[in-house]
Structure formats: structure tokens, C-alpha cells
Amino acid sequence: MTQIAQNLEDIRKTIPKNTTLVAVSKTYPAEVVREAYDAGQRVFGENKAQELSRKQPLLPVDVEWHFIGHLQSNKIKYIAPFVKLIHSVDSFKLLQAIDKEAKKVGRTIDCLLQFHIAEEENKFGLDMKEAVELLHDSAYLALKNIRLTGVMGMATFTEDLAQVRKEFIRLRQIFERLKTDFFPNDGHFKEISMGMSDDYRVAIEEGSTIVRIGSAIFGRRNY
Ligand SMILES: *Cc1c(COP(=O)(O)O)cnc(C)c1O
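Residues numbered from 1 in each chain as written. Predicted model: local features only at pLDDT ≥ 70, side-chain atom pairs only at ≥ 80, totals over all residues. Heavy atoms only, no water.

(A) Layout of the environment of Leu 52. Counting through the fold element by element, Leu 52 comes out in helix α3 (residues 49–55). Setting aside residues up to four positions removed in sequence, Leu 52 forms contacts with Glu 46, Trp 65, Phe 67, Ile 79 and Phe 82. (Helix = DSSP H or I, 4+ residues; strand = E, 2+ residues; numbered from the N terminus. Contact = heavy atoms within 4.5 Å.)

(B) Main features of the site of the ligand. In the vicinity of the ligand, the contacting residues are Val 24, Lys 26, Ile 68, Met 152, Met 154, Met 196, Ser 197, Arg 212, Ile 213, Gly 214, Ser 215 and Arg 221. Ser 215 places a main-chain nitrogen or oxygen 2.8 Å from an oxygen atom of the ligand. The side chain of Arg 221 places a nitrogen or oxygen atom 2.8 Å from an oxygen atom of the ligand. Burial of the ligand by the protein chains amounts to 91% of its free accessible area of 390 Å². (Near = heavy atom within 4 Å. Polar contact = N/O pair within 3.5 Å; in protein donor to acceptor, adjacent residues only side chain to side chain. Areas by Shrake-Rupley, 256 points an atom, 1.4 Å probe, with all protein chains shown as cover.)

(C) Seen up close, the packing of aromatic side chains. Enumeration over the complete set of coordinates arrives at 4 aromatic pairs. For the ring pair Tyr 28 and Phe 218, a centre distance of 5.3 Å and an interplane angle of 25° mean the geometry is stacked. In this pair, Tyr 28 sits in the loop between β1 (20–24) and α2 (30–38) while Phe 218 sits in helix α10 (residues 215–218), placing the two residues 190 residues apart along the sequence. Phe 218 carries the same exposure label as Tyr 28, and that label is buried. Aromatic pair Phe 175 and Phe 189: ring centres 5.3 Å apart, planes at 0°, arrangement stacked. Highlighted residues: Phe 175 in helix α8 (residues 161–182) and Phe 189 in the loop between α8 and β7 (191–193), separated in sequence by 14 residues. A residue is classified by how much of its surface remains accessible, and Phe 175, at 10% relative accessible area, is buried. By relative accessible area, which is 1% here, Phe 189 ends up buried. (Phe/Tyr/Trp six-rings, centres within 6.5 Å; stacked < 30°, edge-to-face > 60°. Buried < 20%, exposed > 50% of the residue type's maximum accessible area, 1.4 Å probe, protein only.)

(D) Fine view of the side chain of Thr 149. With respect to the helices and strands, the residue Thr 149 is situated in strand β6 (residues 146–153). On the basis of relative accessible area, Thr 149 is assigned to the buried category, the value being 6%. Ignoring sequence-local partners within four residues, the contact set of Thr 149 consists of Leu 85, Asp 110, Cys 111, Leu 112, His 188, Phe 189, Lys 190 and Glu 191.

(E) Focus on helix α6 (residues 128–136). Taken together, the buried positions of α6 are Met 128, Ala 131, Val 132, Leu 134 and Leu 135. Looking down the long axis of α6, one finds its buried residues gathered within 160° of arc, a one-sided arrangement. The outward face of α6, more than 90 degrees from its buried face, is lined by the exposed residues Lys 129 and His 136. Looking at the buried positions of α6, the neighbouring elements they touch are α5 (92–104), β5 (109–115), α7 (138–141), β6 and α8. The distance from a side-chain oxygen at the start of α6 to the backbone nitrogen of Lys 129 is 3.2 Å, and the residue carrying that oxygen is Asp 127. (Arc of directions from axis to C-beta.)

(F) Geometry of the pairing of strand β2 (residues 43–46). In β2, alternate side chains face the same way, and those of Val 43 and Gly 45 on one face and Phe 44 and Glu 46 on the other are all buried. Looking at chain direction, β1 and β2 are connected through 2 bridges and run parallel. Within β2, the residue paired with Val 24 across the bridge is Gly 45. Taken together, β1, α2 and β2 constitute a β-α-β crossover, and its handedness is right-handed. Inspection of the sheet shows β2 paired to strand β3 (residues 64–67) by 4 bridges, in the parallel sense. Across the sheet, residue Val 43 finds its bridge partner in β3, namely Glu 64. Tracing the backbone out of β2, into α3 and back to the parallel element β3 gives a crossover that is right-handed. (Pairing = 2+ DSSP bridges. Right-handed = clockwise from strand over helix to strand, strands pointing away.)

Listed below in C-alpha cells is the structure:
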């Protein structure tokens, strides 16, 4: 068994069956992604549109590609034909741009609203007020080629897991409020994407439905 297959097996053992495991393959070449595919993994995450569009044709068509990074409007076209879920919608402008590109290729693209839950200033994401404004906007209601299926967040980069837990609890509360106020009868709005290699166990305890794990599967990245 390869190291990657072993890592995947170890992680799958510790997460509930109905939790989606996104294997974050950014910076790793297609051959390495293929090793994880051969070990049964089908969901992969990338954070750069062009890197993803180069890798996608090199892997089997049944891979589900998730986009997890900061997305610029002019790069959506690279991923719109095939991307399964965009985790990182942090503005109405971006959502509109995704809708437009999805329409061009005849698709509806599932998206998550990314929230700023960390203490660090430099991380991307909406706050509650911005999200509520977006969801009340008639221009949002007019978008037909996107579908919001939940929320995403990244915790502060710290060893203090109590702090991380607080932030994950906040994201779950945001999800619950949006669910109640805007999506009460929409069964598709159900995802909470939180948890990475160093904090996914805490995230699962706090209600994560999608974990995004890179280095614990593929090894340390050397950027
Ligand atoms: C890189 C990345 C991950 C995975 O990080 P690891 O610490 O390697 O597990 C998860 N989410 C996002 C948004 C990322 O950019």
C-alpha cells in the first residue's frame, strides 16, 4: 500500500461516513493525485483556477473537482465547464460572475458562501451582515445558474484548539441562522465546509459536513 493510500485509509477511519472528504491536491502533480484516485478517492480540491484546468483533463472524468481558493472573476471560465462545488464565494459580484459563466456552458454551479471566522485580518470571507444583504437582494434571486448549498470557513492558524473550536461553532451558528431565515425548505442547503489537516477532528465535532484535507494525505507542501 502506498503512503497516500495509507493516509487516506487512516483519515477515513476517523471521519463519519456521511462527511465528504475533499483531498486537497494543490501543488501536487497529476501522477500524485492519481495515486489517491487509485486508492478510491474521488473528490479533490484545488485553489488555483489555471492549475485546476491543467490537471482536470489528466485525471479520470468521474473525479469531483472542488474549488477552494480565492477566485477572481476573470478566472471562472477555466473551471466553469466541470467544477462541482465552489467553496469560496465571498462577494455578490463573484456570485454574479459565476452565474454568468455557468450560463455560458449550460450548467448550474453549486456554491458555498465563505465566511470570515478567523482572527487574522488577511483571510477572505463575508460577515453576517453582508451575507444577509446578499440573500435579500432581488438581483441574487434572479440568478438561475448558481445554487447555494451551504457555508465555508477557515479557522485561525493557531495551536490553540479552543480558539479554533469557537470559530467553528460560530460558523455552524451562521449556517443555522441562514438555514432558518433563507433556506428552510431547501434540502440542498446543508453543507458546512470546515476543517483542514490540523483541525478537522474539532471541525467534525462541531458539525462539519465537508473537510478539506491536504498535507495529512499528500505530505507537506513545499510552496
Ligand atoms: C490548502 C487548503 C486546505 C488544506 O490544508 P492542509 O493544512 O494541507 O490540510 C484546506 N482549505 C483551503 C481553503 C486551503 O487553501
